[in-house]
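Spelled out from the first residue to the last, the chains are:
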Amino acid sequence: ADSVLRVRDLKVHFPVHDGVLIRRQTGSVKAVDGVSFEVGRSETLGLVGESGCGKSTTGLAILRMTPLTEGRIEFEGQDISHLSVRRMRPLRKRLQMVYQDPYGSLNPRMKVGDLIGEPLVIHGVAGDQDAYRARIQELLRLVGLRPEMAERYPHEFSGGQRQRISIARAVALNPTLVLCDEPVSALDVSIQAQVINLFQELQERLGLSYLFIAHDLAVVRHVSHRIAVMYLGRIVEVAPRDLLYRAPLHPYTRGLLAAAPLPDPSAERSRAHEEIVGEPPSVVNPPSGCHFHPRCPMAMPVCAQRAPELTAAATGHAVACHLHDPSRALDIAASGLAA
Ligand code: SF4
Ligand code: MG
């Protein structure tokens, strides 16, 4: 298939110091610990997990804003794994970002038109004054704002409108891929759906691909074609959207679904889905084996000993759980025969 982004066994580990002697490294935090996925052309991959699971760090590694420890990142077929921020810059025309905070991410002293036009200026494609102004007006219309809003300042806008301004900035250079890190989490629920609809409209009109990061399965449901669920630095399940909601396999995914207030009451949610108990454990000192085992209602002795591999369960559906490991199933059957 035609992938825009390919991430292979990405690891981002941060050194930990003992707090007394800053030069003595006492370990490492495995913020991202062997993550692989692809985003296809005009596709949205939802990347979901609790805060601290490494989803934002994955985004920063793709943007080359944090160094990777191991693995490979390809953008439009080019290996960008070790590009510096400076050497990454020409590629940033085609790889853009929308952040969570529509208040903090816009310079309050710049007029909206100049905020939207800034990427054009930075990349030297602003053209003459008329072309520049026309492009800004076109971008404002594209995100559902009125052209005369170009003359106003960010503080004059609501949160949802500010996020539209951020989106206009992100698409100004006709990117291929937009990384969206919790782009609606700071907005009122009533506004979230409008902004999500805008993302979908822009995808259809401009052929954009999205990596759409969220902590909540309800938010990514409408926007995603496929969804990857992360837990403490690892992907634990990935599936086409409908399959993930209809037949989730990983106990953590089931727990997230039980916790998420899905707007569709006819969704086939099994009552067997149990809500997740306990706090997410710290990534500084993660549990052995399957990181989820202290919170997992299905945990078995093997779960604390060995980390399950992400294994294909069906076409496009993979899960990292000993319950769904085919070789493990044989073990269980064999021990049954022996007994
Ligand atoms: Fe639960 Fe074990 Fe599966 Fe981990 S591997 S999710 S602890 S059953
Ligand atoms: Mg985050």
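This structure is a prediction, so every number in the text was calculated from the model and none was measured.

**Here's the deal with the overall build of the chain**
- The helix and strand inventory of the chain stands at eleven helices and twelve strands.
- The 339 residues of the chain split such that 39% are buried.
- In the chain, once contacts between residues fewer than 6 apart in sequence are set aside, the share between residues at least 24 apart is 61%.

**Focus on the domain arrangement of the chain**
- For the chain, the domain assignment lists domain 1 (3-94 + 173-280) and domain 2 (110-170).
- One C-alpha centre belongs to domain 1, the other to domain 2, and the line joining them spans 27 Å.
- A total of four residues in the side of domain 1 that touches domain 2 trace back to one element, the largest contributor, which is helix α6 (residues 189-206).
- Residues that form the side of domain 1 that touches domain 2 fall into these classes: nine nonpolar, one polar and one charged.

**Focus: the sheet that holds strand β2 (residues 25-40)**
- Strand order in the open sheet formed by four strands is β2-β1-β4-β5, with antiparallel pairing between adjacent strands. Looking along the sheet, the strands with just one partner apiece sit at the ends: β2 and β5 (78-79).
- Where strand β1 (residues 3-17) meets strand β4 (residues 70-75), five bridges bridge the pair, whose relative direction is antiparallel. Following the sheet pairing, K11 is matched in β4 by E70.

**Some thoughts on the site of ligand 1**
- The local shell around ligand 1 holds 14 residues, among which C290, H293, C296, C303 and C321 are the closest.
- For the shell around ligand 1, the residue count by class is eleven nonpolar, three polar and no charged.

**Things to note about the packing of helix α3 (residues 112-122) against helix α4 (residues 129-142)**
- With their axes 10 Å apart at the nearest point, α3 and α4 run at an angle of 115 degrees to one another. With respect to α4, the axis of α3 lies roughly perpendicular. For α3 against α4, the interelement crossing comes out right-handed. Every residue of α4 that contacts α3 at G113, I116, G117 and L120 is listed here: Y132, R135, I136, L139 and L140.
- Along the lines of polarity and charge, the residues of the contact of α3 with α4 split into six nonpolar, two polar and one charged.

**Considerations on the sheet that holds strand β9 (residues 226-231)**
- On the basis of which strands lie adjacent, the open sheet formed by eight strands has the order β6-β7-β8-β3-β9-β10-β12-β11 and mixed pairing. The strands lining the two open edges of the sheet, one partner per strand, are β6 (95-98) and β11 (311-314). Ignoring strand direction, the axes of neighbouring strands in this sheet form an average angle of 20 degrees.
- Pairing of strand β3 (residues 44-48) with strand β8 (residues 209-214), which is carried by five bridges, proceeds in the parallel orientation. Its bridge partner being in β8, V48 is matched across the sheet by A214.

**So, helix α9 (residues 251-259)**
- The buried fraction of α9 is high, at seven of nine residues.
- Of the residues making up α9, those classed as buried are P251, Y252, T253, R254, G255, L256 and L257.
- Looking at the buried side of α9, the elements it contacts are α7 (217-221), β9, β10 (234-240) and α8 (241-246).

**Comments concerning the pairing of β8**
- Of all six residues in β8, six are buried; the element is thus mostly enclosed.
- What you see with β8 is no split at all: S209, L211 and I213 on one side and Y210, F212 and A214 on the other are buried throughout.
- Summarising the sheet, strand β7 (residues 177-181) and β8 pair through five bridges and their orientation is parallel. Each bridged residue has a counterpart across the sheet, and for L179 the counterpart in β8 is L211.

**A closer look at the packing of α3 against helix α5 (residues 159-171)**
- For the pair α3 and α5, interaxial distance at closest approach is 7 Å and the crossing angle is 30 degrees. Accordingly, the angle class assigned to the pair α3 and α5 is roughly parallel. Of the two elements, α3 crosses α5, and the hand of that crossing is right-handed. Contacts between α3 and α5 involve V112, L115, I116, E118 and P119 from the first element and I165, A168 and R169 from the second.
- For the contact of α3 with α5, the class distribution of residues is six nonpolar, no polar and two charged.

**Details of the environment of T176**
- The residue T176 is located in the loop between α5 and β7 in this model.
- Under the C-beta neighbour-count criterion, T176 is labelled buried, with 20 such atoms within 10 Å.
- Along the backbone, T176 and L187 are eleven residues apart, and their C-alpha atoms lie at a distance of 25 Å.
- Dropping the residues within four chain positions of it, T176 is found in contact with V4, E76, R94 and S209.

Reading the values: the criteria
Think of each chain on its own: its residues are numbered from 1, step by step along the sequence as written. Each chain is given a letter, starting from A, and each ligand a number, starting from 1, according to the order in which they appear as written. Local features in this predicted model are restricted to residues whose pLDDT is 70 or higher, and side-chain atom pairs enter the listing and the counts only when it is 80 or higher, whereas totals over whole chains, interfaces and linings include all residues. Working definition: helices are DSSP H or I runs of at least four residues, strands are E runs of at least two. Numbering for both runs from the N terminus. Every C-beta atom is placed from the backbone, and the number of other C-beta atoms within 10 Å of a residue's own sets its class: buried at 20 or more, exposed at 12 or fewer, partly exposed in between. Working definition of a contact: two residues with C-beta atoms, positioned from the backbone, lying within 7 Å. Domain extents, as shown, originate in an automatic or database domain assignment. Residues are grouped as follows: nonpolar covers Ala, Val, Leu, Ile, Met, Phe, Trp, Tyr, Cys and Pro; charged covers Asp, Glu, Lys and Arg; every other residue, Gly included, is treated as polar. A pair of strands is treated as paired once DSSP finds two or more bridges between them. Nearness between a residue and a molecule or strand is assessed with a C-beta atom placed from the backbone; a distance within 6 Å qualifies. Think of each axis as a best-fit line through the C-alpha atoms, taken over the contacting stretch in the case of a helix, with angles from 0 to 180 degrees between the N-to-C directions. Angles below 35 degrees are treated as roughly parallel, those above 145 as roughly antiparallel, those between 65 and 115 as roughly perpendicular, and all remaining angles as oblique. For a crossing to be left-handed, the near helix must be turned anticlockwise from the far one by less than a right angle; the clockwise case is right-handed.

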